[in-house]
Amino acid sequence: MDPVSALRRISYLLERDGADTYKVRAFRHAATALEPMTSADLVELSGAGRLQSIPGVGKSTAQAIAEALAGDVPTYLAKLETASPPFVLGAAARELLEQLHGDCHSHSDWSDGGSSIREMAEAARGLGHEYLVLTDHSARLTVAHGLDAERLRKQLEVVAALNEDLAPFRILTGIEVDIFEDGSLDQEEELLAQLDVVVASVHSKLRMDGPAMTRRMLTAIENPHTDILGHCTGRLITGKGRPQSTFDAETVFAACAKTGTAVEINWVRLSWRDCSLSPSPCSRS
């Protein structure tokens, strides 16, 4: 079995099952490290017990590589393949998924996602999707290694090149931009105008009083570059949990209807792993 393919399949299944990002990256990085090496080199290192001398290869990845080189399905891969997915979909959810043509909210390893843009796009294409909207976080969300203007410009160049390779599949350009306290957006207006999709989300001061939060959201919604209002309640029901933000929902949603702004509905909050049916893990925010 090709060890690179085995490692990439392991990383995909780990991601599907909601494993910690560091585990996903460990197998993905190991696969990348093996790509320039010949089979003969790998066999020699494996026979000498020196696979871990390859930068990026650890104990678990070395075992998977050795088993693949021996012609076996790696034990770890076999276990993941036979495990039941950590989610159960009802008929309504399955029907919805069958109608999807793409994913409008996704994070790559340019911010807090666990996969490269190419890997996400190829996985989406493999699922039969026609497009993937790339919406990495903006710079304000430092914990997510968000994109400033310079990095976003570089990402646009990467996406343009990938679209040439992957056509007719298309990666749509985008960003999940922070809504500041005054309702302004965390990115240059000139750049926002270039993007296909802008998701505007509140990530800070989620407990501000209702009238102020309402004004904050309305200002963001009225921005001509805002296409989607992201996870507007800010609520978390997993882990330590977090109560929802207070705002005038009727007024906010009426403004969305007036401006043609979509509202992100986080049905996946009950089990964010359901997002794995899309090309890549969704934001856990």
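In the block above lies the structure referred to throughout.
Our subject in this report is the structure included herewith. (Residues numbered from 1 in each chain as written. Predicted model: local features only at pLDDT ≥ 70, side-chain atom pairs only at ≥ 80, totals over all residues. Heavy atoms only, no water.)

1. Side note on the environment of isoleucine 10
With respect to the helices and strands, isoleucine 10 occurs in helix H1 (residues 3-16). Assessed through its relative accessible area of 0%, isoleucine 10 is described here as buried. Each C-alpha atom, one on isoleucine 10 and one on tyrosine 76, is 7.5 Å from the other, the two residues being 66 residues apart in sequence. Non-local contacts of isoleucine 10, meaning those with residues more than four positions away in its chain, are made with Phe27, Ala64, Tyr76, Leu77 and Leu80. (Helix = DSSP H or I, 4+ residues; strand = E, 2+ residues; numbered from the N terminus. Buried < 20%, exposed > 50% of the residue type's maximum accessible area, 1.4 Å probe, protein only. Contact = heavy atoms within 4.5 Å.)

2. A short note on the packing of aromatic side chains
Using the criterion set out here, one finds 2 aromatic pairs in the structure. Aromatic pair phenylalanine 27 and tyrosine 76: ring centres 5.3 Å apart, planes at 55 degrees, arrangement tilted. Remark: tyrosine 76 occurs in helix H5 (residues 75-82) and phenylalanine 27 occurs in helix H2 (residues 21-34); sequence separation between them is 49 residues. Owing to a relative accessible area of 4%, phenylalanine 27 belongs among the buried residues under this scheme. Each ring, one from phenylalanine 247 and one from phenylalanine 253, has its centre 6.5 Å from the other, and the planes form 80 degrees; the classification is edge-to-face. (Phe/Tyr/Trp six-rings, centres within 6.5 Å; stacked < 30°, edge-to-face > 60°.)

3. Considering the sheet that holds strand E2 (residues 131-134)
Overall, parallel pairing links the 6 strands, which are arranged E1-E2-E3-E4-E5-E6 in an open sheet. If you trace the sheet from one side to the other, it starts and ends with strand E1 (102-103) and strand E6 (262-263), each paired once. Summarising the sheet, strand E5 (residues 228-230) and E6 pair through 2 bridges and their orientation is parallel. Paired with leucine 229 across the bridge in E6 is valine 263. With respect to the sheet, helix H8 (residues 149-166) is in contact with E2 and strand E3 (170-178), its orientation differing from that of E3 by roughly 160 degrees. (Pairing = 2+ DSSP bridges. Axes fitted to C-alpha atoms, helices over the stretch in contact; angles between N-to-C directions.)

4. Some words on unusual backbone geometry
The residue after alanine 167, namely proline 168, is reached through a cis peptide bond having omega 10 degrees. Note on placement: proline 168 falls in the loop between H8 and E3. In the Ramachandran plot, histidine 145 falls in the positive-phi region, its phi being about 55 degrees despite a non-glycine side chain. Counting through the fold element by element, histidine 145 comes out in the loop between E2 and H8. Even without glycine at this site, lysine 205 takes up a positive phi of about 45 degrees.

Limitation: the analysis is restricted to geometry and does not speak to function.
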